[in-house]
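Survey of secondary and tertiary structure
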Amino acid sequence: FIRDIMIGLGFSEMFTFSLTSIEDQFTKMRISIPREVVRIAGAKEAKINMVRYWLLPEILKALAENKAKEYPIKMFEIEDIVEIAEDLEAKAKNKTHLCAIISSTKISYTQIRSAMEYVFQSIESPIEIRRYNHGSFIEGRCAAIFFKNEKVGIMGEVHPEVLNNFGLSMPVVAAEVDLSRVLGIKVQELEWA
């Protein structure tokens, strides 16, 4: 249902890879590496050494591949990320996230906020928006998304340094929300083959 809403708002659905790099997920995003990252032991290639922690860096890579397209570009992805879960046998779990971006010469925080508010009104899940600082976003142009008084997401204007790190010159606004928490989706324990 959320996919239909996003498509109705003019967003194109993306499908990115689950395997990625610490550089893309953290260094390029201007944030420190958290302890609870699922790394790939013995990775032979620096570009693939972990399982994605969040979707936004992967969508920024997709945007970089599509920057020759006509603007505005509106993309989204609803897919799983992986978190460490010491209480589970596999020691990791999947969580479903929604990530959306808009890129254009005339873009602002208000546009991504309006899109997110519309999505959550449509699924009758009231959210609260609070000011927030995050290294990947411009200070003062970022907010946290709360559901039932729990932080479930973030949105704002992507920091120019992050855009530069991905080879992007056009402004981008973005949002990422943990749908597992909002929709009560059962978190799946990973199964290792």
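Above: the structure in question.
Residues numbered from 1 in each chain as written. Predicted model: local features only at pLDDT ≥ 70, side-chain atom pairs only at ≥ 80, totals over all residues. Heavy atoms only, no water.

**A word on the nonpolar core**
- Counting residues in hydrophobic clusters, the biggest one holds 28 residues, and the most contacted among them are I2, M6, L98, M116, F120 and M155.
- Take this core: its biggest share by element is six residues, from helix 4 (residues 109-122).
- Residues contacting L98, with those up to four places away along its chain left out, are I2, M6, L55, F76, E77, I78, M116, A175, E176, V177 and L179.
- Within the second largest apolar cluster, 25 residues are counted, among which are M14, A64, C142 and I154. (Core = buried A, V, L, I, M, F, W, Y, C linked by side-chain atoms within 4.5 Å. Buried < 20%, exposed > 50% of the residue type's maximum accessible area, 1.4 Å probe, protein only. Helix = DSSP H or I, 4+ residues; strand = E, 2+ residues; numbered from the N terminus. Contact = heavy atoms within 4.5 Å.)

**Details of the packing of aromatic side chains**
- Under the criterion given, the structure shown has one aromatic pair.
- Considering the side-chain rings of F26 and Y53, the 5.5 Å spacing of their centres and the 55° angle between planes classify their relative orientation as tilted. Of this pair, F26 sits in helix 2 (residues 22-27) while Y53 sits in the loop between strand 3 (50-51) and helix 3 (56-65); the two residues are 27 residues apart in sequence, bridging distant segments of the chain.
- The ring of F166 carries the charged tip of K28 above its face, separated from the ring centre by 5.1 Å.
- Seen from the ring of F146, R130 lies directly overhead, with NZ or CZ sitting 3.7 Å from the centre. (Phe/Tyr/Trp six-rings, centres within 6.5 Å; stacked < 30°, edge-to-face > 60°. Lys NZ or Arg CZ within 6 Å of the ring centre and 35° of its normal.)

**Topic: the side chain of T16**
- Position of T16 among the secondary structure elements: in the loop between strand 1 (12-13) and strand 2 (19-20).
- Within the structure, T16 has its side chain in polar contact with the side chain of R52 (distance 2.8 Å).
- Side-chain polar atoms of T16 contact the side chain of E77, separated by 2.7 Å.
- Contacts of T16, omitting those with residues within four sequence positions, involve R52, E58, I59 and E77. (Polar contact = N/O pair within 3.5 Å; in protein donor to acceptor, adjacent residues only side chain to side chain.)

Fair warning: the whole summary comes from geometry, so function is off the table for now.
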